[in-house]
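Summary of structural features
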Amino acid sequence: MVPYKTCSFNCVYCELGETTNHTIQRQSFLDIDLVCRELKERLPQLQGKVDYITLAGSGEPTLNVDLKDLVAEIKNLTSIPIAILTNSSLLPDPEVRKELQQLDLIVPSLDAVTQKIFEQINHPVEGIKVQEIVQGLIDLRKEFQGQIWLEVLFCAGINDSMSELNRLHEAIKAIRPDRIQINTVFRPPAIEGILPCAPEKLQQIATMLSSAAEVVEVVGQPRSDKVAVSQSRSFKKRILELLKRRPCTLSDMVRATGISHIELVKTLDNLTQAGFIQIRSHEGQAYYQFRSEEPEKLT
Ligand code: SF4
């Protein structure tokens with residue numbers, strides 16, 4: 001929904017890296033007709049195989065001012081439910097909440113309710129007040145008929161103190177989400193040294209928040225130890241070795257490495273920009289191709 005990396009926050013834990021376009025201004029970012037044409041082509045393969053079409057992006061998707069039109073177009077094409085991931089920063093705006101009414105699932109996040117801790121963890125655009133976000137979430141719950149799954153991501157030593165947990169608990173009780181998803185820093189964060197909470201701590205938090213929603217779950221753990229490879233320095237080397245063997249699509253690499261699209265895209269972007277690899281189009285598909293071990297020597 002937005003280009004890398006356009007966001008109203010610059011979260012210390014962001015797996016996409018640091019925000020390069022730190023903004024709260026909504027804009028047109030996409031050619032909606034093109035998105036719908038591509039979706040239409042893929043729909044025959046998707047029917048019955050996907051739970052949701054999820055609006056996300058390399059940043060905050062509600063910054064896309066064409067959100068309402070895009071959702072309406074997708075609804076014209078398919079009955080697959082539509083979800084959105086949001087950092088909640090635009091929810092104080094009644095217009096944005098109205099645009100979200102057509103969706104089936106909203107996954108907003110809320111990591112802190114104390115302004116100082118909110119700023120420490122989410123680094124919002126100046127002027128964003130977390131109490132207004134909490135009120136936006138409460139209003140959203142009143143207005144929205146679909147499911148709301150609230151995600152709270154905990155960083156050790158930042159937003160996991162007992163006093164912040166108590167405040168979060170009170171706020172979430174007022175928001176009344178259908179589900180609470182508790183997450184931590186399972187993937188490499190934007191800022192070095194940001195640490196995950198221990199599994200026991202996450203379980204403790206889940207128990208504490210259990211009165212605030214029907215379902216409270218700990219999410220986000222890597223599904224296999226292959227994901228841990230991405231955190232090592234040899235990750236880029238592995239991708240280069242793979243691409244030296246043959247050009248691959250993104251899906252080929254997901255299958256070959258077991259690493260998520262989002263992590264691969266980040267690394268592939270870095271490697272492309274540094275000149276190690278290039279993107280070639282063939283039969284309508286984008287292939288990543290090895291270019292040079294020493295791109296600085298290329299003319
Ligand atoms: S985690 Fe989400 S909200 Fe935070 S900076 Fe990254 S994209 Fe933005």
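Residues numbered from 1 in each chain as written. Predicted model: local features only at pLDDT ≥ 70, side-chain atom pairs only at ≥ 80, totals over all residues.

**Comments concerning the overall build of the protein chain**
- If you tally the helices and strands in the protein chain, you get 11 helices and 10 strands.
- Whereas a compact globule of 299 residues would reach a radius of gyration of roughly 19 Å, the protein chain reaches 20 Å, a difference of no more than 12%.
- The C-alpha extent of the protein chain, read off along each of the three principal axes, is 60 × 45 × 35 Å.
- For the protein chain, with 299 residues in total, the buried portion stands at 34%.
- Long-range pairs, those at least 24 residues apart, make up 72% of the contacts in the protein chain with a sequence separation of at least 6. (Helix = DSSP H or I, 4+ residues; strand = E, 2+ residues; numbered from the N terminus. Rg over C-alpha atoms; globule rule 2.2 N^0.38 Å. Buried ≥ 20, exposed ≤ 12 C-beta atoms within 10 Å, placed from the backbone. Contact = placed C-beta atoms within 7 Å.)

**Things to note about the site of the ligand**
- Around the ligand, a shell composed of Cys7, Phe9, Asn10, Cys11, Cys14, Leu16, Thr19, Gly59, Glu60 and Asn87 is seen.
- Of the residues in the shell around the ligand, the class split is 5 nonpolar, 4 polar and 1 charged. (Near = placed C-beta within 6 Å. Nonpolar A, V, L, I, M, F, W, Y, C, P; charged D, E, K, R; others polar.)

**Section: the domain arrangement of the protein chain**
- When cut into domains, the protein chain gives domain 1 (6–218) and domain 2 (226–297).
- For domain 1 and domain 2, the distance between their C-alpha centroids amounts to 28 Å. (Domains from an automatic or database assignment.)

**Here's the deal with the nonpolar core**
- Grouped together as the largest cluster of nonpolar side chains are 55 residues, with contacts concentrated most on Ile121, Leu150, Val152 and Phe154.
- Among the elements that line this core, the one with the most residues is strand S6 (residues 147–154), at 6 residues.
- What leucine 150 contacts, discounting residues up to four positions off in sequence, is Pro108, Leu110, Ile172, Ile175, Pro177 and Ile180.
- Counting residues in hydrophobic clusters, the runner-up holds 8 residues, among them Leu243, Cys248, Leu271 and Ile277. (Core = buried A, V, L, I, M, F, W, Y, C linked by C-beta atoms within 7 Å.)

**Let's talk about unusual backbone geometry**
- For the bond from tyrosine 4 to lysine 5, the omega torsion is -20°, close enough to zero to count as cis.
- Looking at the secondary structure, you find lysine 5 in the segment before strand S1 (6–7).
- Not every positive phi belongs to a glycine, and serine 88 is a case in point at roughly 75°.
- With respect to the helices, strands and loops of the structure, serine 88 is situated in the loop between strand S4 (82–86) and helix H3 (94–99).
- Positive phi, normally seen in glycine, also occurs at histidine 123, with a value near 40°.
- Examined against the element boundaries, histidine 123 turns out to sit in the loop between helix H4 (115–122) and helix H5 (130–143).

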